[in-house]
Amino acid sequence: MIFMQVSSLKSCLEDSAVLVQRNTLDILSAAFPFHASPLTRSDQTAVVESAILVLLRRDMSLNRRLYAWLLGVTTAGTNSLHLYSNTVLSEPFKISNAH
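How each quantity is defined
Residues numbered from 1 in each chain as written. Predicted model: local features only at pLDDT ≥ 70, side-chain atom pairs only at ≥ 80, totals over all residues. Heavy atoms only, no water. Axes fitted to C-alpha atoms, helices over the stretch in contact; angles between N-to-C directions. Helix = DSSP H or I, 4+ residues; strand = E, 2+ residues; numbered from the N terminus. Parallel < 35°, antiparallel > 145°, perpendicular 65-115°, else oblique. Left-handed = near helix turned anticlockwise from the far one by under 90°. Contact = heavy atoms within 4.5 Å. Nonpolar A, V, L, I, M, F, W, Y, C, P; charged D, E, K, R; others polar. Core = buried A, V, L, I, M, F, W, Y, C linked by side-chain atoms within 4.5 Å. Buried < 20%, exposed > 50% of the residue type's maximum accessible area, 1.4 Å probe, protein only. Salt bridge = Lys/Arg side-chain N within 4 Å of Asp/Glu carboxyl O.

A.B. asks: Teacher, can you tell me more about the packing of helix H2 (residues 18-31) against helix H4 (residues 60-71) here?
C.D. replies: The relative placement of two packed helices comes down to the angle between their axes together with the axis-to-axis distance. One can describe the packing of H2 onto H4 by two numbers: an axis separation of 9 Å at closest approach and a directional angle of 20°. One way to sum up the angle between H2 and H4 is to call them roughly parallel. Note on packing geometry: the crossing formed by H2 with H4 is left-handed. Residues Val18, Gln21, Arg22, Leu25, Asp26, Leu28 and Ser29 of H2 touch H4, and the partners they reach there are Ser61, Leu62, Arg65, Leu66 and Trp69. Of the residues contributing to the contact of H2 with H4, the split by class is six nonpolar, three polar and three charged.

A.B. asks: Got a minute to help me understand the nonpolar core in this structure?
C.D. replies: Inside soluble globular proteins, nonpolar side chains tend to come together where they are buried. In terms of nonpolar packing, the biggest core is built from 17 residues, with Leu13, Leu25, Leu28, Val47, Leu66, Trp69 and Leu70 touching the most fellow members. Listed by contribution, the elements that provide at least two residues to this core are helix H1 (2-13), H2, helix H3 (41-52) and H4.

A.B. asks: When you look at the environment of Leu39 in this model, what are you seeing that I'm missing?
C.D. replies: Note that Leu39 resides in the loop between H2 and H3. The buried category is assigned to Leu39, whose relative accessible area is 8%. C-alpha of Leu39 to C-alpha of Phe3: the two residues are 36 residues apart in sequence and 9.7 Å apart in space. Once residues within four sequence positions are removed from consideration, Leu39 is found in contact with Ile2, Val6, Phe32, Gln44 and Val47.

A.B. asks: Could you clarify how one ought to interpret the environment of Val20 in this entry?
C.D. replies: In this structure, Val20 sits in helix H2. The class for Val20 is partly exposed, based on a relative accessible area of 29%. Setting aside residues up to four positions removed in sequence, Val20 forms contacts with Cys12 and Asp15.

A.B. asks: Looking at this structure, how should I read the pattern of salt bridges?
C.D. replies: Note on pairing: side chains with opposite charge can pair once their charged atoms come close. This model, assessed by the stated rule, comprises two salt bridges. Taking the shortest distance from any N to any O, the salt bridge between Arg22 and Asp59 comes out at 4.0 Å. A residue pair is termed long-range when its members are at least 10 positions apart, and Arg22 in helix H2 and Asp59 in the loop between H3 and H4 qualify at 37 residues. Overall, Arg22 belongs to the partly exposed group, its relative accessible area being 23%. For Arg65, the salt bridge goes to Asp26, with nearest N and O atoms at 2.8 Å. You can see Arg65 sitting in helix H4 and its partner Asp26 sitting in helix H2, a full 39 residues away along the chain.

Next up, the structure:
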């Protein structure tokens, strides 16, 4: 079941429609907060890899939602980046030595 959720999230984040991406980021923030996600580390890394592609659209509403999810910004304005996200955020950017 988790595999289907991760696949669905990734597909929605890679969709060409801005509204689909926007709503998916809202769902991620509400149901899968980055600092307390029910997903495994590998699943969360896969979702982050897809979510990072949202930045290429250069849409401020998408960027704001993405950063809010990654940094854990709540309605109170607190930030939970220090709790968990440092290692998970760096994994998609690691360069593989296998050629």
